[in-house]
Amino acid sequence: MNVAFDLAEKILAGQRRALAKAITLIESTKHADRLIAEEILTRIIPHTGNSIRLGISGVPGVGKSTLIEALGKYLLQYNKRLAVLTIDPSSPVTGGSILGDKTRMESLAREENAFIRPSPTNGNLGGVGRRTRETMLACEAAGFDFIIVETVGVGQSEVAAASMVDVFMMLQLPNAGDELQGIKKGILELADILVITKADGQQKQMAEHARLEQQRALHLTRHENNWKPPVLTASALEDKGIAQIFESVDECHRIKQSSGQLQLKRQAQARAWFEQELVEGAKDWLVHHLGSSHQLADAESDVIGGRIPASAAVRHIFDQLLSGAESTTKKIRR
Amino acid sequence: MKQSFKSGRLGYDLWVKDASADIKGSPLEQLTRQTPEGLSLKPLYTAADLQGIPFLDTMPGQPPFTRGPRATMYTFRPWTIRQYAGFSTAEESNKFYRNALAAGQKGLSVAFDLATHRGYDSDNLRVVGDVGKAGVAIDTVDDMKILFDQIPLDQMSVSMTMNGAVLPILAGYIVAAEEQGVSQDKLTGTIQNDILKEYLVRNTYIYPPKPSMRIVGDIIEYTSQFMPNYNSISISGYHIQEAGADAALELAYTLADGIEYVKAAIARGQDVDSFAPRLSFFFAVGMNFYMEIAKLRAARTLWWELMQQFAPKNPKSSMLRTHCQTSGWTLTEQDPYNNMVRTTIEAMAAVLGGTQSLHTNSFDEAVSLPTKTSSRIARNTQLIIQEETDITHTVDPFGGSYFMEKLTFDLINRAKEILQEIDAAGGMVEAIQSGLPKLRIEESAAQKQAGIDSGANIIVGVNKYRVQEASEIDVLDIDNTAVREAQIKRIKAVKATRDSKATEQALNALKDAAASDSANLLAYAIECMRKRATVGEISDAIAEIYGRHTATTQAVSNVYINNYKDSGVIDDVKQQIAEFTIEEGRRPRILVVKLGQDGHDRGAKVIATGFADLGFDVDIGPLFQTPEEAAKQAIENDVHVIGVSTQVAGHKTLVPQLIKVLQIHDAHEIAVVVGGIIPTRDYAELKKAGVVSVFGPGTPIPECAAQVLQAIKSKQKSEIAK
């Protein structure tokens, strides 16, 4: 039986196990797995696009998981089916990772209508964006109608996350300015909604203060017409502000949808996706087909050694490839 | 005799020369050892080392109590032999206690099962694998009455290890005594009631920290009023050391917890002298012989100093009294009779350090609850020290030792540095919420594990002098299903015969009390127990107001690998992982879980951080998962393998259940391995149920990792074959 066909059918039937396995194939670095993943995606893509896609980002310790758990449990009350895709950094030293998200979303993780999948970055933030988008599609095909993509705010990953969701939400601590939290100015402009977290106990006032300040700052930044990014406060601890967040997300999505912006945004995202795949795909193709020969390694060490500029090295590879195109093609067919 | 020997500076210089000659000219510094606490142990101490030590030449029974809390110490009356035990059912435990008392034991100590600790009745579906594990199951006051049947509670001091479900358990004990005809003012003993360390290490909490601190305060208040001879709290370092902390961390965190309790009681308007004399402590004693003696001396000295900020008038308010237990973590499954020797050495350290009571572990406790024989030997260890030797004949025999006095002083200073870190965080409650102390302990545990795995720290029979054939020892097996069924029957009987209306009223009153700030919850819990409410009902009633606490999990990284001394072994495993990653298109991915109500997560944490350091992707499951929840997580994350870490024998029920659930969900290709405290004779049964590998305690992590890779591959092969 065709693995891809089988998995695609099971995903469309909403089977959790099949979805999980498909995600593994999507994330796999093995060429054969990629082919299967692409076939699955091709089969399911007509059944995608029907969810609200929400991106959530913020510095470590801002309370992303806690907020997602509270928001998730709120959504489930309304019979939503929720998928949460979280991205955990791998250790740059050892390559391994610790994926503890579910301990922070313990009660959400138990829910039948919730699917939580943490993925290691494997040292490649851009790559995460690339695969997370496909994972999101698979979740949509499996019938999840609300998808949260969670990233750790370190600059690059927010851009990747924002480039694949409908609504992008940034979380901030009540007690620190942007600089202290390492939030770069440009990033804040990506946000459709800003939430000041941990607005509880003694921090309540501080949070309110931060809210007003951010509201003023956001007024000055440009934004997609007819949506003014609100700044909200929330306390997952006291279970406050969660309904408001949901309403804001929902409203933002509705306004974008009815104005036609959402369609344009998704088209632009798809175009960017294509362009990214073109670049990454070309690279993968080269590595796959030239990996065993020394061509790439030689060119790389020439560049590292300062003997050839990178641009010339790459052009040289293409030139060689074109002149030997005939024989290469034959080799692949065999 | 005149001038035939040299002393002081002159003699020391000569010694340096002699010593250098002994070690053939290599630098003398190499004989100075660095301890995990960050102290230097020199090969020789002299009078010069005593400079600036303020507590020298103080007397036992006098502040700062360095030399002991009592003037005569063991010369008049030896320490209390207090063996901790609980045997699944109230009947069996009762029989065991009565035997032990007849055999010379002076107090008794109750271990509760995991379900009781977490405030669940035995009929709760979350605790199917936990009932009767690691101690006695108590659901109602009727169980309590059986537990203490024919034990005169006005004469017998009873110690209870209970922290989460303190209210129903203490209330149950009080009501059982009452119905035995003993009024509460006559009760003597101790309840552990130390909730802060639960968030740090042991994880048998029920409610969040803040309301839990209120409960602690209520118990201190109630007992100081109505139970004058009862120790309201036992501030415990034991579990902190067992979780991997060095002596300085154990000491500092324990005293910091203590200070937090004192502040809580004072904040409730209590006078320090009304409760502080009833605070007691509980430390672990491990294999670092001198350090453990110094720790007890340092603890007393430092506690006295810390308590002065509250200006107590009664000297007993700043006098630290402690119970000690030999370390369970130092027991090995391999060559298990060695454990008797370890326990003896540890018991000696506790005694030389001046403990007030002592539990000596049984040698078979690395794998199971003790048998009758092993617990007799454990008890005899103490009786032999007390009655066959002259050890008890002199107070604080180490007093005045250059080395011991200096070590005590150094340890105090190191602990003060750690206390400053806690202070800077705003006290222990705040620090715990930030997660810092927990990470420090886990860091220390990972360091220790790396030291053992790489052979830098020696454990005889484990990483050196290994024996080939495994010694089969008799272990006690608990038929968990039978215990559970019997308990459920008894709960039904109690519920059928009680005045349900009165029970409900009492529970409602308890809820109202929990919602108000002024009421004392213990008084209300006692009323509930009188009206035959169950432990679970009382816990749930309070949880309705406070909620149940869920912990966030943080993990250290790169500590294990940086402390592993032999990089060859590491590189080899990393190479295997790299090859696997290329073949598989992703790194090996493991879900490390604890199943059931067992909160001891040292093993799981060390495995998680060690495996991640070697290059695994490691998912960590939340504590207290059911097999169904663990399976859902494994399936969603599509891990290659689930590693179940088990400590208290729930594996026989829970692991086969986990495998069954995986099969139901079409996830039969996910391998399951089990590690932890597992009797060898269970291995076959687990493998029959579908477990691919079983790891006993003491398996080095790189070896585990390599075997887990093999387990994944063999599972894949057998799946393809199917």
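Quick look at the structure, then. Please read all numbers here as calculations on a predicted model, not as lab measurements.

The rules we used
Residues numbered from 1 in each chain as written. Chains lettered and ligands numbered in written order. Predicted model: local features only at pLDDT ≥ 70, side-chain atom pairs only at ≥ 80, totals over all residues. Heavy atoms only, no water. Helix = DSSP H or I, 4+ residues; strand = E, 2+ residues; numbered from the N terminus. Buried < 20%, exposed > 50% of the residue type's maximum accessible area, 1.4 Å probe, protein only. Contact = heavy atoms within 4.5 Å. Areas by Shrake-Rupley, 256 points an atom, 1.4 Å probe, with all protein chains shown as cover. Axes fitted to C-alpha atoms, helices over the stretch in contact; angles between N-to-C directions. Parallel < 35°, antiparallel > 145°, perpendicular 65-115°, else oblique. Left-handed = near helix turned anticlockwise from the far one by under 90°. Nonpolar A, V, L, I, M, F, W, Y, C, P; charged D, E, K, R; others polar. Buried area = accessible area lost by both parts, 1.4 Å probe. Salt bridge = Lys/Arg side-chain N within 4 Å of Asp/Glu carboxyl O. Polar contact = N/O pair within 3.5 Å; in protein donor to acceptor, adjacent residues only side chain to side chain. Pairing = 2+ DSSP bridges. Phe/Tyr/Trp six-rings, centres within 6.5 Å; stacked < 30°, edge-to-face > 60°. Expected span 1.5 Å × (residues − 1). 1 Å grid on protein atoms, 1.4 Å probe; cavity = no way out; pocket = protein on both sides within 12 Å on 5 of 7 lines; lining within 4 Å. Points joined across faces, edges and corners; volume = space filled by probe spheres on them.

Let's talk about the overall build of chain A
Turning to step 1, where the next piece is worked out: A tally of regular secondary structure across chain A gives 15 helices and eight strands.
Turning to step 2, where the next piece is worked out: Buried residues in chain A amount to 48% of all 334 residues.
Turning to step 3, where the next piece is worked out: When contacts within chain A are restricted to residue pairs at least 6 apart in sequence, those whose partners lie at least 24 apart make up 75%.
Turning to step 4, where the next piece is worked out: Per element, the accessible surface of chain A, about 16300 Å² overall, is 55% carbon and sulfur.

What to know about the packing of helix 25 (residues 651–664) of chain B against helix 26 (residues 680–688) of chain B
All names here are of chain B.
Turning to step 1, where the next piece is worked out: Across the interface, helix 25 lies against helix 26 with an axial gap of 10 Å and an inter-helix angle of 20°. Taken together, the axes of helix 25 and helix 26 lie roughly parallel to each other. Crossing angle aside, the handedness with which helix 25 passes helix 26 is right-handed. Contact with helix 25, carried on its side by His-651, Lys-652 and Val-655, involves Asp-682, Glu-685 and Leu-686 of helix 26 and no other residues of that element.
Turning to step 2, where the next piece is worked out: In the contact of helix 25 with helix 26, the residues fall into two nonpolar, one polar and three charged.

Details of the interface of chain B and chain A
Turning to step 1, where the next piece is worked out: Across the contact, 42 residues belong to chain B and 34 residues belong to chain A.
Turning to step 2, where the next piece is worked out: Summed over both partners, the interface of chain B with chain A buries about 2900 Å², with 46% contributed by carbon and sulfur atoms.
Turning to step 3, where the next piece is worked out: Inspection of the chain B/chain A interface yields six salt bridges.
Turning to step 4, where the next piece is worked out: We note a salt bridge from Glu-636 of chain B to Arg-16 of chain A, for which the minimum N-O separation is 2.6 Å.
Turning to step 5, where the next piece is worked out: Inspection of the region where chain B meets chain A yields 22 residue pairs in polar contact (both at pLDDT 80 or more).
Turning to step 6, where the next piece is worked out: Sorting the residues of the side of chain B that touches chain A by element identifies helix 22 (567–584), helix 23 (602–614), strand 14 (617–620) and helix 24 (627–637) of chain B as the ones contributing at least two each.
Turning to step 7, where the next piece is worked out: It is helix 24 of chain B that provides the largest number of residues to the side of chain B that touches chain A, a total of six residues.
Turning to step 8, where the next piece is worked out: Here the residues of the side of chain B that touches chain A are counted per class, giving 15 nonpolar, twelve polar and 15 charged.
Turning to step 9, where the next piece is worked out: Where strand 3 (residues 97–99) of chain A and strand 14 of chain B come together, three bridges link them in parallel fashion. What sits directly across from Leu-99 of chain A, in strand 14 of chain B, is Asp-619 of chain B.

Things to note about the packing of aromatic side chains
Residues and elements named next belong to chain B.
Turning to step 1, where the next piece is worked out: Under the counting rule described, the total for this entry stands at 25 aromatic pairs over all chains.
Turning to step 2, where the next piece is worked out: Measuring from centroid to centroid gives 5.9 Å for Tyr-207 and Tyr-546, while their planes differ by 75°, and the two rings are edge-to-face. One end of the pair, Tyr-207, is in the loop between helix 6 (196–202) and helix 7 (209–226); the other, Tyr-546, is in helix 20 (residues 535–546), with 339 residues separating them in the sequence. Like Tyr-546, Tyr-207 is buried.
Turning to step 3, where the next piece is worked out: Summarising the aromatic geometry, the rings of Tyr-337 and Phe-363 are spaced 5.2 Å apart at their centres and angled 35° between planes, so their arrangement reads as tilted. Taken together, the residues Tyr-337 in the loop between strand 11 (322–326) and helix 12 (338–353) and Phe-363 in the loop between strand 12 (357–359) and helix 13 (372–387) connect sequence positions 26 residues apart.
Turning to step 4, where the next piece is worked out: Judged by relative accessible area, which is 43%, Tyr-337 ranks as partly exposed.

A word on the sheet that holds strand 10 (residues 279–285) of chain B
All names here are of chain B.
Turning to step 1, where the next piece is worked out: In space, the five strands of this open sheet follow the order 3-12-11-10-9, with parallel pairing throughout. Single-partner strands in this sheet number two, and they are strand 3 (80–81) and strand 9 (233–236).
Turning to step 2, where the next piece is worked out: Sheet topology note: the strand 10/strand 11 ladder contains five bridges and is parallel. From the neighbouring strand, Phe-283 faces strand 11, where its bridge partner is Cys-324.

What to know about helix 4 (residues 64–77) of chain A
Residue and element names in this part refer to chain A.
Turning to step 1, where the next piece is worked out: Look at helix 4: 20 Å from first C-alpha to last across 14 residues, which is about the 20 Å you get at 1.5 Å a residue.
Turning to step 2, where the next piece is worked out: Within helix 4, eleven of the 14 residues are buried, which leaves the element mostly enclosed by the surrounding structure.
Turning to step 3, where the next piece is worked out: What helix 4 keeps buried is the set Lys-64, Ser-65, Leu-67, Ile-68, Glu-69, Ala-70, Leu-71, Gly-72, Tyr-74, Leu-75 and Leu-76.
Turning to step 4, where the next piece is worked out: Phi turns positive, to about 60°, at Asn-79, one or two residues after helix 4.

Observations concerning empty space enclosed by the protein
Here the idea is plain: a probe the size of a water molecule rolls over the atoms and shows the empty space left.
All names here are of chain B.
Turning to step 1, where the next piece is worked out: Applying the stated rule across the entire model yields ten cavities of 30 Å³ or more.
Turning to step 2, where the next piece is worked out: Size it by volume and the largest cavity reaches roughly 150 Å³.
Turning to step 3, where the next piece is worked out: Residue lining of the largest cavity: 17 residues in total, with Thr-553, Asp-601, Lys-605, Ile-620 and Leu-623 positioned closest to the centre.
Turning to step 4, where the next piece is worked out: Secondary-structure elements contributing two or more residues to the lining of the largest cavity are strand 13 (589–593) and helix 23.
Turning to step 5, where the next piece is worked out: Broken down by element, the lining of the largest cavity gets its largest block of residues, three residues, from helix 23.

What about the environment of Thr-497 of chain B?
All names here are of chain B.
Turning to step 1, where the next piece is worked out: By the secondary structure assignment, Thr-497 is in helix 17 (residues 480–497).
Turning to step 2, where the next piece is worked out: Exposure remark for Thr-497: the relative accessible area of 68% places this residue in the exposed category.
Turning to step 3, where the next piece is worked out: A distance of 3.0 Å separates a polar side-chain atom of Thr-497 from the backbone oxygen of Ala-493.

Details of the sheet that holds strand 1 (residues 52–58) of chain A
Residue and element names in this part refer to chain A.
Turning to step 1, where the next piece is worked out: Strand order in this open sheet of seven strands is 4-2-5-1-6-7-8, and the pairing throughout is parallel. Each edge of the open sheet carries a strand with a single partner, namely strand 4 (114–120) and strand 8 (231–233). Across the sheet, the mean angle from the axis of one strand to that of its neighbour is 20°, orientation sign disregarded.
Turning to step 2, where the next piece is worked out: Pairing of strand 1 with strand 5 (residues 146–152), which is carried by seven bridges, proceeds in the parallel orientation. Directly across from Ile-52, in strand 5, lies its bridge partner Phe-146.
Turning to step 3, where the next piece is worked out: Here helix 4 sits on the sheet in contact with strand 1, strand 2 (82–88), strand 4, strand 5 and strand 6 (167–172), set at roughly 175° to strand 5.

Quick look at the packing of helix 9 (residues 247–267) of chain B against helix 14 (residues 402–424) of chain B
All names here are of chain B.
Turning to step 1, where the next piece is worked out: Running from N to C, helix 9 and helix 14 point in directions that differ by 55°, and their axes come no closer than 8 Å. Classified by the angle between their axes, helix 9 and helix 14 sit oblique to one another. Seen from above, helix 9 lies across helix 14 with right-handed handedness. On helix 14, the residues touching Ala-248, Leu-249, Leu-251, Ala-252, Tyr-253 and Ala-256 of helix 9 are Leu-411, Arg-414, Ala-415, Ile-418, Leu-419, Glu-421 and Ile-422.
Turning to step 2, where the next piece is worked out: Broken down by class, the residue content of the contact of helix 9 with helix 14 amounts to eleven nonpolar, no polar and two charged.

A short note on the pattern of salt bridges
Residue and element names in this part refer to chain B.
Turning to step 1, where the next piece is worked out: Considering all chains together, one arrives at 63 salt bridges over all chains under this definition.
Turning to step 2, where the next piece is worked out: The partner of Arg-414 in a salt bridge is Glu-417, and the shortest N-O contact between them spans 2.9 Å. Within this pair, Arg-414 and its partner Glu-417 are both found in helix 14, separated by three residues, close to a single helical turn.
Turning to step 3, where the next piece is worked out: Given the relative accessible area of 25%, Arg-414 is considered partly exposed.
Turning to step 4, where the next piece is worked out: Residue class for Glu-417 comes out partly exposed when judged on its relative accessible area of 48%.
Turning to step 5, where the next piece is worked out: Lys-531 is the salt-bridge partner of Glu-527, the closest N and O atoms lying 2.6 Å from each other.
Turning to step 6, where the next piece is worked out: With relative accessibility at 29%, the residue Glu-527 sits in the partly exposed group.
Turning to step 7, where the next piece is worked out: For Lys-531, a relative accessible area of 30% corresponds to the partly exposed category.

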